[in-house]
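Descriptive structure summary
Listed below, chain by chain, are the residues.
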Amino acid sequence: MPDTFIRPTAQASYNAYLAHIRQCRECPAGPDRCAAGQELVRVYLTDVRKG
Ligand SMILES: [Zn+2]
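All of the points below concern the structure found in this document. (Residues numbered from 1 in each chain as written. Predicted model: local features only at pLDDT ≥ 70, side-chain atom pairs only at ≥ 80, totals over all residues.)

**Looking at the overall build of the protein chain**
Which entries qualify depends on this criterion: The secondary structure listing takes helices from DSSP runs of H or I that are at least 4 residues long and strands from runs of E that are at least 2 residues long, numbered from the N terminus. Burial is judged by counting the other C-beta atoms within 10 Å of a residue's own C-beta: 20 or more makes it buried, 12 or fewer makes it exposed, and any count in between marks it as partly exposed, with every C-beta position built from the backbone.
Looking only at helices and strands, the protein chain features 3 helices and 0 strands. When its helices and strands are written in sequence order, the protein chain yields α-α-α. Considering the protein chain as a whole, with its 51 residues, one finds that 8% of them fall into the buried category.

**What to know about the environment of valine 48**
On the secondary structure map, valine 48 appears in helix α3 (residues 35-50). By C-beta crowding, valine 48 is classed as partly exposed, having 17 other C-beta atoms within 10 Å.

**A short note on the environment of arginine 33**
What counts is decided by this rule: Each residue is represented by a C-beta atom placed from its backbone, and any two residues with such atoms within 7 Å are regarded as in contact.
Mapped onto the elements of the fold, arginine 33 is located in the loop between α2 (26-29) and α3. In this structure arginine 33 comes out as partly exposed when scored by C-beta crowding, with 18 C-beta atoms within 10 Å. As for arginine 33 and isoleucine 21, which are separated by 12 residues in sequence, their C-alpha atoms are 9.1 Å apart. In this structure arginine 33 touches Cys27, Gln38 and Val41, once residues within four positions along its chain are discounted.

None of this, on its own, says anything about what the molecule does.
Written as structure tokens, this is what we have:
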């Protein structure tokens with residue numbers, strides 16, 4: 001099950017997302033992420049899938 005690993009590319013994308021969360025006012029507060037946060041999540045999920 002290689003998909004259980006977080007690959008380096010996805011890890012970098014996830015780190016970028018975490019960095020955004022730390023300095024974003026909207027993402028941690030509301031039920032929904034801001035547009036930038038959503039984009040970072042989308043990129044992260046894309047990286048996870050393509051490995
Ligand atoms: Zn945000």
